[in-house]
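# Examining the three-dimensional arrangement
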Amino acid sequence: MPAVTPYLYVLLKGAGVTIEISALALVFSVVIGTAVGLLATAVPRLGFVLTPLYVELIRSIPLLVLIFFAYYAIPVVSDVNISPYAATTGALAIYGGAYMSEVVRSGIQSVSPNQWDAARALGLRYWRIMALIVFPQAVRVTVPAGIGVFIDLIKGSSVASIIGFIELMQTAINVRNTIFDLSPIVVAAILYFCICFGLSRLGAHLEQRLGQQV
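A brief look at the structure comes next. Quantities reported herein were computed from a predicted structural model and do not represent experimental measurements. (Residues numbered from 1 in each chain as written. Predicted model: local features only at pLDDT ≥ 70, side-chain atom pairs only at ≥ 80, totals over all residues. Heavy atoms only, no water.)

## Remarks on the packing of aromatic side chains
Applying the stated criterion across every chain yields a total of five aromatic pairs. Taking the centre distance of 5.3 Å and the plane angle of 35 degrees together, the rings of F68 and Y72 count as tilted. Here the residue F68 and the residue Y72 both occupy positions in helix α3 (residues 63-78), the gap between them amounting to four residues, near one helical turn. Plain terms: the ring middles of F193 and F197 are 5.4 Å apart, the flat faces sit at 15 degrees to each other, and that makes the pair stacked. A residue pair is termed a helical-turn pair when its members lie 3 or 4 positions apart in one helix, as F193 and F197 do in helix α8 (residues 183-212) at four residues. On the basis of relative accessible area, F197 is assigned to the partly exposed category, the value being 43%. Pairwise contacts between aromatic rings join F68, Y71 and Y72 into one cluster. (Phe/Tyr/Trp six-rings, centres within 6.5 Å; stacked < 30°, edge-to-face > 60°. Helix = DSSP H or I, 4+ residues; strand = E, 2+ residues; numbered from the N terminus. Buried < 20%, exposed > 50% of the residue type's maximum accessible area, 1.4 Å probe, protein only.)

This is the structure we're talking about:
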């Protein structure tokens, strides 16, 4: 372990990049997931076809393949060069969006149908019901689950090293190739654990707190 000590700051910086890109991907995942989840409930017939198609298609494709496609295939099709950062963010966002759409849909469906019926009886339209009644309650379900998606994105971002994106895993590999020692990989594993375990504890805490407000 002493051999890796001079590189701890570099590894921590790599961990920061991992958190940054995963958080950015989570933001886009929430946007995608919310749009798909709302569509699935607002237009049941369209959602019945669109949501399973998108969700099952993306969840059936390995994240590594999505990253490869974003980095290598899109420039060939569109003649636009994409940086490893953009390719990784886009692939993670699409991947996370599939899971977030299910999280949002489950959150919406967790609200009692009686509340929908009562709101309609008062003359409220769908989007007002969603904004004023349903979505505030659905957030209690979606926030803890969304943190779980964030954890998956952080772990999934490690495969971005295959296209040369320098995040925590690629940083550890570079340091290992410099000092010819496995200790950077061990440190990277510890950092991944600390990040993911901390987020999982946060998710459990939020789930408990939000559950008490029901």
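From this point on, the discussion continues.
## What to know about the environment of A40
By the element assignment, A40 lies in helix α1 (residues 8-42). Accessibility expressed as a relative area gives 14% for A40, which makes it buried. Expressed as a C-alpha distance, the spacing of A40 and A91, which sit 51 residues apart in the sequence, is 22 Å.

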